[in-house]
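Here is how the chains run, residue by residue.
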Amino acid sequence: MNRYLVSILTIAMASVTIPALANPDGEKLFNSKCTMCHSIDKKKIGPAVKSMNSDAVLLHTTITKGKNSMPAFESKLSDAEITALVAFLKANQ
């Protein structure tokens, strides 16, 4: 009987955490991965979000592959995380 309860709880917990993983938080990613070089309003090492190109494909490619002094994040972030980050950037431009 306890094994049955543990199985149900495990499945229930997995169904709660999977959507959270499927929808990464772009703002949290920006704060943890980008703020050492970028800010919303002011140029730091890299450009301010408000002055970045607004083309979502270009933003996604630049984050993924890197460009000039911008490092590539393709091995550090999942595609879903990069997509969430691009959505955050576009929402703050």
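Details of the structure are given in the entry above.
Since this is a predicted model, take the numbers as computed values, not measurements.

(A) Inspection of the packing of aromatic side chains at higher detail. Under the definition given, this model contains one aromatic pair. An angle of 40° between the planes, with centres 5.2 Å apart, marks the rings of F30 and F88 as tilted. Taken together, the residues span a long stretch of sequence, with F30 in helix α2 (residues 26–34) and F88 in helix α4 (residues 79–91) at a distance of 58 residues. For the pair formed by F30 and F88, the shared burial category is buried.

(B) Quick peek at the packing of helix α3 (residues 56–65) against α4. Two elements in contact, α3 and α4, have axes separated by 10 Å at closest approach and are oriented at 130°. In terms of their interaxial angle, α3 and α4 are classed as oblique. As α3 runs across α4, the sense of the crossing is right-handed. Counting all contacts with α3, which are made through A56, L59, H60, I63 and T64, the residues of α4 involved are D79, I82, T83, L85, V86, L89 and K90. Split by residue class, the contact of α3 with α4 holds seven nonpolar, three polar and two charged.

(C) Structural view of α2. Turning to α2, its buried residues number three or more, namely G26, L29, F30 and C34. One side of α2 holds all its buried residues, which, seen down the axis, span an arc of 100°. What points out from α2, more than 90 degrees from its buried face, is the exposed set K28 and S32. Elements that come into contact with the buried residues of α2 comprise α4. The residue sitting at the N-terminus of α2 and contributing the capping side-chain oxygen is D25; that oxygen lies 2.9 Å from the backbone nitrogen of E27.

About the cut-offs
Residues numbered from 1 in each chain as written. Predicted model: local features only at pLDDT ≥ 70, side-chain atom pairs only at ≥ 80, totals over all residues. Heavy atoms only, no water. Phe/Tyr/Trp six-rings, centres within 6.5 Å; stacked < 30°, edge-to-face > 60°. Helix = DSSP H or I, 4+ residues; strand = E, 2+ residues; numbered from the N terminus. Buried < 20%, exposed > 50% of the residue type's maximum accessible area, 1.4 Å probe, protein only. Axes fitted to C-alpha atoms, helices over the stretch in contact; angles between N-to-C directions. Parallel < 35°, antiparallel > 145°, perpendicular 65-115°, else oblique. Left-handed = near helix turned anticlockwise from the far one by under 90°. Contact = heavy atoms within 4.5 Å. Nonpolar A, V, L, I, M, F, W, Y, C, P; charged D, E, K, R; others polar. Arc of directions from axis to C-beta. Polar contact = N/O pair within 3.5 Å; in protein donor to acceptor, adjacent residues only side chain to side chain.

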